[in-house]
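# Summary of the model geometry
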Amino acid sequence: MQNLLINRLKSIFFPSGWCCAVRFNKSSDICILNNIDDEFTVLPDSKRYWTADPFLVKKDGKYYLFFEMFDRFKRKGALGYRELSEKSIGSLNVVYESDTHLSYPFIYEKDGVFYMIPESNKSGELFVLKCTDFPSKWVKEKVIAKENLVDTTLFSYNGVNYYISERVDGTNNFDRVDLFYEENGCFTECVNNPVKLDANTARCAGNFFEYNGNYIRPSQDCGVSYGEKLNFNKVISISKENYEEELITTISHKDINLDKKGSYIGIHTYNKVDHVEVVDLKTDNKFSFCNLIGIVYKLFAKVKGKLK
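Residues numbered from 1 in each chain as written. Predicted model: local features only at pLDDT ≥ 70, side-chain atom pairs only at ≥ 80, totals over all residues. Heavy atoms only, no water.

Our focus in this paragraph is the state of the cysteines. Applying the stated rule across the entire model yields zero disulfides. For C20, which is in no disulfide, the shortest distance to another cysteine sulfur is to C19 and amounts to 6.9 Å. The buried category is assigned to C20, whose relative accessible area is 1%. (Disulfide = S-S within 2.5 Å. Buried < 20%, exposed > 50% of the residue type's maximum accessible area, 1.4 Å probe, protein only.)

With antiparallel pairing, the four strands of this open sheet are ordered in space as β16-β17-β18-β19. Of all strands in the sheet, those bounded by a partner on one side alone are β16 (209–211) and β19 (243–252). Averaged over all pairs of adjacent strands, the angle between their axes in this sheet comes to 40°, without regard to strand direction. (Pairing = 2+ DSSP bridges. Helix = DSSP H or I, 4+ residues; strand = E, 2+ residues; numbered from the N terminus. Axes fitted to C-alpha atoms, helices over the stretch in contact; angles between N-to-C directions.)

Summed over the entire model, instances satisfying the criterion amount to 16 salt bridges. One salt bridge in this structure joins E125 and K140, with 2.4 Å as the shortest N-O distance. One end of the pair, E125, is in the loop between β8 (113–119) and β9 (126–133); the other, K140, is in strand β10 (residues 137–145), and 15 residues separate them in sequence. By relative accessible area, which is 39% here, K140 ends up partly exposed. Note that R167 and D178 form a salt bridge whose closest N and O atoms lie 3.7 Å from each other. Note that R167 is positioned in strand β12 (residues 160–167) and D178 in strand β13 (residues 176–183), a separation of 11 residues in sequence. In this structure, a network of salt bridges that share partners links the residues E147, R167, R176, D178 and E189. (Salt bridge = Lys/Arg side-chain N within 4 Å of Asp/Glu carboxyl O.)

Residues D37, D38, E39 and D259 make up a contiguous surface patch of negative charge. In this fold, D259 is placed in the loop between β19 and β20 (264–273). For D259, a relative accessible area of 34% gives the class partly exposed. (Patch = residues over 30% accessible without salt bridge, like charges linked within 9 Å, V, L, I, M, F, W, Y side chains within 5 Å. Areas by Shrake-Rupley, 256 points an atom, 1.4 Å probe, with all protein chains shown as cover. Lys, Arg positive; Asp, Glu negative; His and termini not counted. Charge placed at Lys NZ, Arg CZ, Asp CG, Glu CD.)

Next up on the list: the nonpolar core. Ranked by size, the top nonpolar core spans 45 residues in total, and within it F66, Y96, I107, W138, I164, L179 and Y243 carry the most contacts. Those residues in contact with I107 that sit more than four places away from it in its chain are F55, V57, F66, F114, Y115, M116 and W138. Grouped together as the second largest cluster of nonpolar side chains are 20 residues, C19, C31, I32 and L230 included. (Core = buried A, V, L, I, M, F, W, Y, C linked by side-chain atoms within 4.5 Å. Contact = heavy atoms within 4.5 Å.)

To continue, consider the side chain of T201. With respect to the helices and strands, the residue T201 is situated in the loop between β15 (196–197) and β16. For T201, a relative accessible area of 5% translates into the label buried. Within the structure, T201 has its side chain in polar contact with the side chain of K196 (distance 2.8 Å). Excluding anything up to four places from it in sequence, T201 contacts K196, R217, S219, Q220, N231, N233, E245 and L247. (Polar contact = N/O pair within 3.5 Å; in protein donor to acceptor, adjacent residues only side chain to side chain.)

Turning to the packing of aromatic side chains, a few remarks are in order. One pass over the full model with this rule turns up 23 aromatic pairs. When the centroid spacing of 4.9 Å and the interplanar angle of 85° are considered together, the rings of Y64 and F134 count as edge-to-face. Taken together, the residues span a long stretch of sequence, with Y64 in strand β4 (residues 62–71) and F134 in the loop between β9 and β10 at a distance of 70 residues. In terms of burial, Y64 and F134 fall into one category: buried. An angle of 10° between the planes, with centres 4.1 Å apart, marks the rings of F155 and F208 as stacked. (Phe/Tyr/Trp six-rings, centres within 6.5 Å; stacked < 30°, edge-to-face > 60°.)

Attention shifts here to unusual backbone geometry. In this model, F134 is joined to P135 through a cis peptide bond whose omega is 0°. Secondary-structure assignment places P135 in the loop between β9 and β10. That bond from N193 to P194 is cis: its omega, -5°, falls within 30 degrees of zero. On the secondary structure map, P194 appears in the loop between β14 (186–189) and β15. In this structure, R75 is a non-glycine residue whose phi angle is positive, near 60°. Tracing the backbone shows R75 in the loop between β4 and β5 (76–84). For R75, a relative accessible area of 23% puts it in the partly exposed group. Here D151, not a glycine, exhibits a phi torsion of approximately 50°, which is positive. By secondary structure assignment, the location of D151 is in strand β11 (residues 149–157). Using a relative accessible area of 3% as the deciding quantity, one classes D151 as buried.

If you want it as structure tokens, here you go:
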């Protein structure tokens, strides 16, 4: 009981966080699966926000990084972006915020328009954002499911839009893969869900990508703790009835070479566009004055709500 209390107080006053790191390779053929040695550059966060779940977008020859921006004051995530190049790192910008926590801004393009499916399970729904003025303006276009789903990842294959996701119940047992697909404009569930049960490889960790003639799905290793390691799984088969994959390799934060040394304890997202790669890294517990302000803000909001 005492250890439980100590751990709880530690998580409140000395929380862990995340940060993102980028690597500009010499060729688009290079990726983390065939070159683990070259350095990633750790991107600076601000005192108020830390960032995680990075997704890359290339538009008009420029690279943009979208991510969760966790607000230490408000104690929840919003969605943000920054511009990246080999010579410069843009500032952090919030592009969309809701009353509940948001993260994992899965972004895709359709008919020249960008859309985003964020992780929004705290709201009890899965919805799509539409970009009306890239990269800074996004509006909620539609709700596609009244479900508690996390890290939903769209994968188009043989003319079918599949959604690899995970249904959660608040227990933090991230051990299942749930498959959905689009049929006649409807978000339809696979009758054989969950199509996979394995806490070591289930939860999504980024966009599918091609490597050596195969489709690869990044996933998190949550077997011991959330976001501890990063898996790369080869897709064996996917259909409206089933999904099968094979683990190729697992990468730890210790395997990543960084330009800045620090105390890191996890890694749980990987994405790649052209010759540019991004990951995120979990930072060890440390005190933050902004986090303390956030605790006071949250307590004040609760008291204010009870007084109404």
